[in-house]
Amino acid sequence: MMRTNRAGDLRAEHIGSEVALCGWVHTRRDHGGVIFIDLRDVAGLVQVVLDPGVLPLAEELRSEFCIRVEGEVKARKEGTVNPKLGTGEVEVGAGSVEILSRSETPPFQLDEYHETDEQLRLKYRYLDLRRDSMQRNLKLRHELISAIRRFFDGEGFYEIETPMLTRATPEGARDYLVPSRVHPGRFYALPQSPQLFKQLLMVAGFDRYYQIVRCFRDEDLRADRQPDFTQLDMEMSFVDQEDVLEVTERMFKSVWKEVMGVELADFPRIPYSESMERYGSDKPDIRYGLELTDLDEVFAATEARVFRSVLDDGGAIKAITVPGQGGLPRKQLDAIVDDAKALGAGGLVWVTLSSEGLRSPMDKFFSDAERKGLVETAAASEGDLVLIVADKRKNVVYKVLGGLRTRLAERFGHVPAYEPENPDYWKFAWIVDFPWFDWNEDEARWDPIHHPFTGVVEDTAPFLETDPEKVISKSYDITLNGWELASGSIRIHDRDMQSRVFKALGISDEEANEKFGFLLDAFKFGAPPHGGIAPGIDRIVALAAGETNIREVIAFPKTQTAFDPLTGAPSTVDEAQLKILHLRSTAPSPDQES
């Protein structure tokens, strides 16, 4: 080995030892005849003292030079101890120094945090990853995944790999397709999840399976999405919903205790309908209030035309109360109205309460009883702001107020600051009792809220053919601080029930057999009841690290346009490669596009 120790591991017990260290020059300070450098490696920093009179090479050292140092570990002089560093009690007196490789001036500073263009960071990701925050995040990622593996190994699960080249299946997003050279005109799909394979593993008798797996979805990117991502995939046989929830919750508690040093409280169970009514979302952040209130009864006899028409059409009128924001200037109120419209509202009614009374553009249309009822029902006090959305489509009301709730909580300081050691900071929740179907207005059809292999609550199964809106699924989500971490369900394991669901989705027997015949055939041979869940590793790590974007916990992520500035992917390929794959591109060349 070129080194005896890692730089960041040196402590007081090493004083007097001769060591060899390798790493990068983090900072360099010339103190008139003595040069101090902070030597950095994956374990951390240590101060190295060099005498340029003895070591002429010391004069050449610059930031990010990769070097090897030999010397004695010494105690720092009194008054120079650095309590912020693990190595802060010691320093290394260099007896020799070797430059392993030199560095040009980096395109951005690495020794401390500076706002840097993301494209530049990703283009030079290998440099960005040298920064302390990125090293810390990827170490945390490793620790969390290792703890997850230890938990499932201890619970008798088998980690089994499933194929990366498979066939397209409906998982709610577009597939990434891979052309086959040996089967002209045919394509593999990269898996959106191992869903069908893990169900087949249950049929095969491996009744406790898990996998840390890469998945791929060709969808528009957000802060919590990447085209290729990592998830914890888990499936169990001979279980009901409670069994899956119990094991999953225990896993999170175990991992948080081991890695974060936190004892988590029990996770509340919130029915989907309650989550939408209270928070306007099925992934609520329950660390703060700003809950929705129902104003239907307050305005049941209203003569205000906009509210009257909504109620007559079977719609909803709901509000959120923002404490202490009743004094906002009109410009900021108008900006909130614009936010509501951007979220899909036709409009938004604001009401402010002050010592002078209630103020609102709609005030002249309110009766005294409606004013009184509004204040009482919305639990509003002097100095508060009430925001009202009315729409004949309840889902629009939920979406708008749920979105405003999140934005205003961030804007007005309701979201707690990152406190990883505080158990109350981590608000996990189960969302249960989802509807099976969701009405797709654009295509006038019923779509699955989760996926077409989700089990059906038996008492609601008769409605599959007659009233899909009443069908309840055996599905469940787990959320943390406003992020969806995972979806799961008890699966359909009966061929006849799976066929009924396919028909309810408008999938014919011929199409079902063509796409899923292998699964339906497997159900002929004693398929056990089974279910599972698939938490997103990237999201788990991002939340644990206090990051707001999963790109900060992925070694080599893509941009929001699914582009990789480091490698230039996706890139064009030459005609010879396309010919081998029996393909021809109709897209304009990059030169033509520019």
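The preceding data block contains the structure.
Residues numbered from 1 in each chain as written. Predicted model: local features only at pLDDT ≥ 70, side-chain atom pairs only at ≥ 80, totals over all residues. Heavy atoms only, no water.

**Points about the pairing of strand E3 (residues 44–50)**
Moving on, step 1. Among the seven residues of E3, five are classified as buried, and the element is accordingly described as predominantly covered.
Moving on, step 2. Here seven bridges tie strand E2 (residues 35–41) to E3, and the two strands are oriented antiparallel to one another. The partner of Ile35 across the bridge, within E3, is Leu50.
Moving on, step 3. Hairpin connection, E2 to E3: the antiparallel pair is bridged by two residues.
Moving on, step 4. Here three bridges tie E3 to strand E5 (residues 90–101), and the two strands are oriented parallel to one another. Bridging from a neighbouring strand, Val49 pairs with Gly93 of E5. (Buried < 20%, exposed > 50% of the residue type's maximum accessible area, 1.4 Å probe, protein only. Helix = DSSP H or I, 4+ residues; strand = E, 2+ residues; numbered from the N terminus. Pairing = 2+ DSSP bridges.)

**With respect to helix H6 (residues 272–279)**
Moving on, step 1. For H6, the full list of buried residues reads Ser275, Met276 and Tyr279. Looking straight down H6, one finds that the buried residues subtend no more than 100° of arc, so they occupy a single side.
Moving on, step 2. Structurally, H6 contributes buried residues whose contacts are with strand E11 (269–271), helix H10 (394–411) and strand E17 (428–432).
Moving on, step 3. Gly280 sits one or two positions beyond H6 and adopts a positive phi of about 70°. (Arc of directions from axis to C-beta. Contact = heavy atoms within 4.5 Å.)

**Comments concerning the pairing of strand E4 (residues 66–75)**
Moving on, step 1. Sheet topology places strand E1 (residues 18–30) next to E4; seven bridges connect them, and they run antiparallel. Note on E4: the bridge partner recorded for Cys22 is Arg68.
Moving on, step 2. For E4 and E5, the ladder comprises 10 bridges, and the chain directions are antiparallel. Within E5, the position partnered with Gly71 by the bridge is Ala94.

**A word on the side chain of Arg491**
Moving on, step 1. Within the secondary structure, Arg491 sits in the loop between strand E21 (483–490) and helix H11 (495–504).
Moving on, step 2. Since its relative accessible area comes to 4%, Arg491 is described here as buried.
Moving on, step 3. A distance of 2.9 Å separates polar atoms of two side chains, one belonging to Arg491 and the other to Glu235.
Moving on, step 4. Residues in contact with Arg491, not counting those within four places in the same chain, are Gln195, Lys198, Gln199, Met234, Glu235, His451, Phe453, Gly455, His530, Gly531, Gly532 and Ile533. (Polar contact = N/O pair within 3.5 Å; in protein donor to acceptor, adjacent residues only side chain to side chain.)

**Regarding the sheet that holds strand E14 (residues 349–354)**
Moving on, step 1. Strands sit in the order E12-E13-E16-E14-E15 across an open sheet of five strands; the sheet is antiparallel. This sheet does not close on itself; its edge strands, each paired only once, are strand E12 (293–294) and strand E15 (357–359).
Moving on, step 2. Where E14 meets E15, three bridges bridge the pair, whose relative direction is antiparallel. In the sheet register, Thr352 faces E15, and the bridge partner there is Arg359.

**Things to note about the environment of Ala304**
Moving on, step 1. Its location among the elements puts Ala304 in the loop between E12 and helix H7 (305–312).
Moving on, step 2. Spatially, the C-alpha atoms of Ala304 and Pro448 are 37 Å apart, while their sequence positions differ by 144 residues.

**Notes on the packing of aromatic side chains**
Here the distance between the centres and the angle between the planes together describe a pair of aromatic rings.
Moving on, step 1. Inspection of the entire model under this criterion finds 23 aromatic pairs.
Moving on, step 2. Both rings, one in Trp256 and one in Phe428, keep their centres 5.3 Å apart while their planes meet at 85°; by these two values the pair is edge-to-face. With Trp256 in helix H5 (residues 241–260) and Phe428 in strand E17, the pair connects residues that are 172 residues apart, well separated along the chain. Each of the two residues, Trp256 as well as Phe428, counts as buried.
Moving on, step 3. Each member of the aromatic cluster is reached from another via a ring pair, and the members are Phe252, Trp256, Phe267, Tyr418, Tyr425, Trp426 and Phe428.
Moving on, step 4. Taking the ring centre of Phe267 as reference, the NZ or CZ of Lys253 above it sits at 6.0 Å. (Phe/Tyr/Trp six-rings, centres within 6.5 Å; stacked < 30°, edge-to-face > 60°. Lys NZ or Arg CZ within 6 Å of the ring centre and 35° of its normal.)

**With respect to the environment of Ile431**
Moving on, step 1. Relative to the helices and strands, Ile431 resides in strand E17.
Moving on, step 2. Residues Ile431 and Arg269, spaced 162 residues apart in sequence, show a C-alpha to C-alpha distance of 6.0 Å.

**With respect to the packing of helix H3 (residues 132–154) against H5**
The description of two helices packed together rests on the angle between their axes and the distance between the axes.
Moving on, step 1. Where H3 contacts H5, the axes come no closer than 9 Å and their chain directions differ by 135°. In terms of orientation, H3 lies oblique with respect to H5. Crossing of H3 over H5 shows right-handed handedness. Contact with H3, carried on its side by Leu140, Glu143, Leu144, Ala147, Ile148, Arg150, Phe151 and Phe152, involves Val247, Arg250, Met251, Ser254, Val255, Trp256, Glu258, Val259 and Met260 of H5 and no other residues of that element.
Moving on, step 2. In the contact of H3 with H5, the residues fall into 12 nonpolar, one polar and four charged. (Axes fitted to C-alpha atoms, helices over the stretch in contact; angles between N-to-C directions. Parallel < 35°, antiparallel > 145°, perpendicular 65-115°, else oblique. Left-handed = near helix turned anticlockwise from the far one by under 90°. Nonpolar A, V, L, I, M, F, W, Y, C, P; charged D, E, K, R; others polar.)

**Considering the sheet that holds E11**
Moving on, step 1. As summarised here, the arrangement of the eight strands in space is E6-E9-E10-E22-E21-E20-E17-E11, forming an open sheet in which the pairing is mixed. With partners counted over all chains shown, the strands left at the sheet margins are strand E6 (158–159) and E11, one partner each.
Moving on, step 2. Packed onto the sheet, helix H4 (residues 195–203) meets strand E9 (208–216), strand E10 (228–237) and strand E22 (530–533) and runs at close to 25° relative to E10.
Moving on, step 3. Lying over the sheet, helix H13 (residues 537–545) contacts E9, E10, strand E20 (475–480) and E21, oriented at roughly 140° with respect to E21.

**What to know about the nonpolar core**
Moving on, step 1. Phe152, Phe252, Trp256, Trp426, Phe428 and Ile478 are the most contacted members of the largest nonpolar core, which totals 48 residues.
Moving on, step 2. Elements with a minimum of two residues in this core: H3, E9, E10, H5, E17, E20, E21 and H13.
Moving on, step 3. Among the elements that take part in this core, H5 stands out by supplying eight residues, more than any other.
Moving on, step 4. Every residue in contact with Phe252, bar those within four places of it in the chain, is listed here: Leu264, Phe267, Phe428, Ile478, Leu485, Pro535 and Ile540.
Moving on, step 5. In terms of nonpolar packing, the next biggest core, distinct from the first, is built from 25 residues, Ala316, Ile320, Leu343 and Leu401 among them. (Core = buried A, V, L, I, M, F, W, Y, C linked by side-chain atoms within 4.5 Å.)

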